[in-house]
Amino acid sequence: MVGKKVIITGVPGVGKTTVVNEALKKLKQEGIEYQAINFGTFMFDVAKTENIVQDRDQMRTMDRTVQKRLQQHAAQAIAKISGNVLIDTHASVKTLKGYLPGLPEWVLREIMPDLIVLVETDDDQILIRRLSDETRSRDKEGSKVIGEHQQFNRAIAASYAMLTGCTIKIVTNADFLLDRAADDMAAVLR
Ligand code: AMP
Ligand code: MG
């Protein structure tokens, strides 16, 4: 049986990884398995070996040609994984030179997702989550700017659907309602 390829996106700090982990726990109880992988980790493993950066949060400041090279490399490696795969990544990455598409045409052609999930919540909730996350070097930006990024991600996700025919699901990860977000995500992964 061919597996499902699902892409999970959302601005930094929205809680993608948390929602994914909760949703996968629920599905496991029903005997549905997904291999969860992180696109950024595939890129970072190469960036580390080449001594380009020491921290995964420095990658969005690398030269954009380098970002694109590592992105293509990651896409090719991920395309080889079979079965149900859940890819934690970004619809767009905020670089020093503007928004970089997380899934440009050549990445989509490698992965050919069935579904793209956009994890979203209120701009000011994201701002507070970023301020309280000491494990990461999150961008310090105001809620208006976070709002622009979320809006841009919806727009670029629509273009990804046009290129692949994949469906787009928006999951809201509101404060105190993680369980609801996990249920909404699990529903589209069944
Ligand atoms: P994350 O752990 O999901 O926040 O990802 C860490 C970093 O990996 C991001 O800040 C980006 O620099 C990079 N990254 C992740 N996914 C992509 C992608 N699809 N295209 C380009 N860069 C990416
Ligand atoms: Mg994450």
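Refer to the structure presented above.
Trainee: Help me understand empty space enclosed by the protein, please; the structure alone is not making it clear to me.
Mentor: Rolled over the atoms, a probe sized like a water molecule indicates the empty space that remains. Counting across every chain of the model gives 1 cavity of 30 Å³ or more. A volume near 50 Å³ is recorded for the largest cavity. Around the largest cavity sit Thr 9, Gly 10, Val 11, Ala 91, Leu 118, Val 119, Glu 120, Gln 150 and Asn 153, which together line it. For the lining of the largest cavity, the elements supplying multiple residues, two or more each, are β6 (115-120) and α6 (143-164). With 3 residues, β6 is the largest single contributor of residues to the lining of the largest cavity.

Trainee: Mind showing me how you'd approach the site of ligand 1 here?
Mentor: The full set close to ligand 1 counts 13 residues, and Arg 56, Gln 71, Thr 89, His 90 and Gly 102 are the nearest of them. Between Arg 60 and ligand 1, the recorded distance is 3.2 Å, taken from a side-chain N or O atom to an oxygen atom. At 2.8 Å from a nitrogen atom of ligand 1 is found a main-chain nitrogen or oxygen belonging to Gly 102. Within the complex, 97% of the 490 Å² of free accessible area of ligand 1 lies under protein. If you tally residues by element for the shell around ligand 1, the top one is helix α2 (residues 39-49), at 3 residues. By residue class, the composition of the shell around ligand 1 is 4 nonpolar, 6 polar and 3 charged.

Trainee: Teacher, can you tell me more about the pattern of salt bridges here?
Mentor: When their charged atoms lie close together, side chains carrying opposite charge are able to pair. Inspection of every chain in the model, using the stated rule, returns 15 salt bridges. With a shortest N-O distance of 3.5 Å, Asp 133 and Arg 138 are connected by a salt bridge. Given the relative accessible area of 18%, Arg 138 is considered buried.

Trainee: I tried to follow the packing of helix α1 (residues 16-29) against helix α7 (residues 178-189) on my own but got confused; where do I start?
Mentor: Angle between the axes and distance between the axes are the two parameters that describe a pair of packed helices. Packing of α1 against α7 brings their axes to within 8 Å, and their N-to-C directions diverge by 60°. Relative to α7, the element α1 lies oblique. Here α1 runs over α7; the crossing is right-handed. Note on element contacts: α7 touches α1 through Leu 178, Asp 179, Ala 181, Ala 182, Asp 183, Met 185, Ala 186 and Leu 189, opposite Thr 18, Val 19, Val 20, Glu 22, Ala 23, Leu 24, Lys 26 and Leu 27. Residues of the contact of α1 with α7, tallied by class, amount to 11 nonpolar, 1 polar and 4 charged.

Reading guide: rules and limits
- Residues numbered from 1 in each chain as written.
- Chains lettered and ligands numbered in written order.
- Predicted model: local features only at pLDDT ≥ 70, side-chain atom pairs only at ≥ 80, totals over all residues.
- Heavy atoms only, no water.
- 1 Å grid on protein atoms, 1.4 Å probe; cavity = no way out; pocket = protein on both sides within 12 Å on 5 of 7 lines; lining within 4 Å.
- Points joined across faces, edges and corners; volume = space filled by probe spheres on them.
- Helix = DSSP H or I, 4+ residues; strand = E, 2+ residues; numbered from the N terminus.
- Near = heavy atom within 4 Å.
- Polar contact = N/O pair within 3.5 Å; in protein donor to acceptor, adjacent residues only side chain to side chain.
- Areas by Shrake-Rupley, 256 points an atom, 1.4 Å probe, with all protein chains shown as cover.
- Nonpolar A, V, L, I, M, F, W, Y, C, P; charged D, E, K, R; others polar.
- Salt bridge = Lys/Arg side-chain N within 4 Å of Asp/Glu carboxyl O.
- Buried < 20%, exposed > 50% of the residue type's maximum accessible area, 1.4 Å probe, protein only.
- Axes fitted to C-alpha atoms, helices over the stretch in contact; angles between N-to-C directions.
- Parallel < 35°, antiparallel > 145°, perpendicular 65-115°, else oblique.
- Left-handed = near helix turned anticlockwise from the far one by under 90°.
- Contact = heavy atoms within 4.5 Å.

Honestly, it's all geometry; don't read function into it.
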